[in-house]
Amino acid sequence: MKLKTKTRILCGCGSVVSLVILVLCGSIFYMTRDGRIAKDPEKIADEAGFDLPAYTIVSKFDNMERHTSAWSNYTWKLQLKKPLSEKDIKNLKKLVEKNAKWTYNPDNHTYDYHSEENERYLSITIDAVEGKVTMDYEWLDFLA
């Protein structure tokens, strides 16, 4: 075989292998997206469009050591280090006005976010008076 033909065959095989590797890596990255988000409260808040102020973790629960369910779940309980600022409250009010997934409950002064789509559930409750934040992130984990 001529050198030019061998070079073309090798380049073609290399391109196919590179494409397969790229698709495989992209698929793994996409399929593990929810796990990466659920492990970080700031990423969960970002999903809801909220900039989470400084906080301490009160508790964290996950069911990642389960053996029977394909539903993965992380629950975070946080305490804000400082009360919500006027800017934070203003941003939350804007979210309530612009995004139907956000609501405000004046009886207990909480801002709530609920989203359920594409086999994934996200819930955030922010107590504007006590500075407590509860986050639930649940998804159907195809890798379970």
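What you see is a predicted model, and the numbers here were worked out from it, not measured in a lab.

Caption draft 1: Highlighting the pairing of strand β5 (residues 120-127). Most of β5 is tucked away: six of the eight residues are buried. As paired strands, strand β4 (residues 110-117) and β5 are joined by eight bridges and run antiparallel to one another. The partner of T110 across the bridge, within β5, is D127. Taken together, β4 and the strand that follows it, β5, pair antiparallel across an intervening segment of two residues, in which N118 is found at a positive phi of about 50 degrees. Relative to strand β6 (residues 132-140), β5 is paired through seven bridges, and the arrangement is antiparallel. The partner of R120 across the bridge, within β6, is W139. What sits between the antiparallel neighbours β5 and β6 is a turn of four residues, in which G131 has the positive phi angle 70 degrees.

Caption draft 2: Up close: helix α4 (residues 86-98). The terminal C-alpha atoms of α4, which comprises 13 residues, lie 18 Å apart, in line with the 18 Å expected from a rise of 1.5 Å per residue. Listing the buried residues of α4 in full gives D88, L92 and L95. The buried side chains of α4 occupy one side of the element, clustering within an arc of 55 degrees when seen end-on. For α4, exposure combined with an orientation more than 90 degrees from the buried face picks out E86, K87, K90, E97 and K98.

About the cut-offs
- Residues numbered from 1 in each chain as written.
- Predicted model: local features only at pLDDT ≥ 70, side-chain atom pairs only at ≥ 80, totals over all residues.
- Heavy atoms only, no water.
- Buried < 20%, exposed > 50% of the residue type's maximum accessible area, 1.4 Å probe, protein only.
- Helix = DSSP H or I, 4+ residues; strand = E, 2+ residues; numbered from the N terminus.
- Pairing = 2+ DSSP bridges.
- Expected span 1.5 Å × (residues − 1).
- Arc of directions from axis to C-beta.

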